[in-house]
Amino acid sequence: SKIAEATARGDILAIAGSDGRPVRLVKSLSPMEVRLVISSAQEDNASDDTGSSSIILGEKNVYIGDLPGLAALGGLGGDSAPPAAVLGMDLLRCATRIVFRAQQNEIYI
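Analysis parameters
- Residues numbered from 1 in each chain as written.
- Predicted model: local features only at pLDDT ≥ 70, side-chain atom pairs only at ≥ 80, totals over all residues.
- Heavy atoms only, no water.
- Patch = residues over 30% accessible without salt bridge, like charges linked within 9 Å, V, L, I, M, F, W, Y side chains within 5 Å.
- Areas by Shrake-Rupley, 256 points an atom, 1.4 Å probe, with all protein chains shown as cover.
- Salt bridge = Lys/Arg side-chain N within 4 Å of Asp/Glu carboxyl O.
- Helix = DSSP H or I, 4+ residues; strand = E, 2+ residues; numbered from the N terminus.
- Buried < 20%, exposed > 50% of the residue type's maximum accessible area, 1.4 Å probe, protein only.
- Pairing = 2+ DSSP bridges.
- Contact = heavy atoms within 4.5 Å.
- pLDDT = per-residue confidence, 0-100.

## Examining a nonpolar patch on the surface
(1) Moving on: On the surface, a cluster of nonpolar side chains totalling about 220 Å² of accessible area is made up of Leu13, Ile15 and Tyr63.
(2) Moving on: For Leu13, the location among the structural elements is in strand β1 (residues 12-16).
(3) Moving on: A relative accessible area of 36% places Leu13 in the partly exposed class.

## Notes on the pairing of β1
(1) Moving on: Bridge count for β1 against strand β2 (residues 22-27) is 5 bridges, and the pairing is antiparallel. What sits directly across from Ala16, in β2, is Pro22.
(2) Moving on: The hairpin turn running from β1 into β2, its antiparallel successor, is 5 residues long, and Gly20 in that turn takes a positive phi close to 90 degrees.

## Topic: the pattern of salt bridges
Oppositely charged side chains may form a pair once their charged atoms are brought near each other.
(1) Moving on: Tallied over the full model, the rule gives 1 salt bridge.
(2) Moving on: Close ionic contact of Asp11 with Arg9 constitutes a salt bridge, the shortest N to O distance being 2.8 Å.

## A look at the side chain of Ser28
(1) Moving on: Among the structural elements, Ser28 can be located in the loop between β2 and β3 (32-38).
(2) Moving on: Discounting residues that sit within four places of it in the chain, Ser28 has contacts with Asn61 and Val62.

## Brief notes about the sheet that holds β2
(1) Moving on: Strands sit in the order β1-β2-β5 across an open sheet of 3 strands; the sheet is antiparallel. A strand with exactly one partner marks an edge of an open sheet, and here the two such strands are β1 and β5 (63-64).

## Remarks on the environment of Cys94
(1) Moving on: Inspection of the secondary structure assignment puts Cys94 in the loop between α2 (89-92) and β6 (99-101).
(2) Moving on: Of the residues examined, Cys94 reaches a relative accessible area of 35% and is grouped as partly exposed.
(3) Moving on: When the C-alpha positions of Cys94 and Ile55 are compared, they lie 9.8 Å apart, and in sequence the two are 39 residues distant.
(4) Moving on: Once residues within four sequence positions are removed from consideration, Cys94 is found in contact with Leu57 and Lys60.

## A look at the environment of Val99
(1) Moving on: Tracing the chain through its elements places Val99 in strand β6.
(2) Moving on: C-alpha of Val99 to C-alpha of Ile109: the two residues are 10 residues apart in sequence and 6.5 Å apart in space.
(3) Moving on: Setting aside chain neighbours within four positions, we find Val99 in contact with Glu106, Ile107 and Tyr108.

## Digging into the environment of Met32
(1) Moving on: Position of Met32 relative to the elements: it lies in strand β3.
(2) Moving on: Considering only alpha carbons, one finds Met32 and Asn61, 29 residues apart in sequence, at a separation of 6.0 Å.
(3) Moving on: Every residue in contact with Met32, bar those within four places of it in the chain, is listed here: Gly58, Glu59, Lys60 and Val62.

## What about the confidence of the model for the protein chain?
(1) Moving on: This prediction gives the protein chain a mean pLDDT of 74; 72% of its residues lie at or above 70.
(2) Moving on: Here strand β7 (residues 106-108) stands out as the element of the protein chain with the lowest mean pLDDT, 75, in contrast to helix α1 (residues 2-9), whose mean of 90 is the highest.
(3) Moving on: For residues 42-48, every residue scores under 50 in pLDDT, and the model assigns this stretch 2 contacts once sequence neighbours within four places are set aside.

The structure is reproduced here in structure tokens:
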């Protein structure tokens, strides 16, 4: 089938969804600059200086699709949920340092 051929070429990424059925993510047509915007916890209360900065992780192809399982991770509520992403090891390896604090639900890149 066409889906199987696209998956074999790497144009479609199939991962297990929350119900065990595959979720298909489609590869971007061309590489895109991946930039993480890092904001301070005080951003909502800041007036002039938000304390935000960004890290450029390089140009990569990205896979786009709906990952319904992300809602189960918490903090993503209904239609007002902010965009979410799953970062692969290819992107994470570009960072010079990563600190993950699971109990505090924090990631520092």
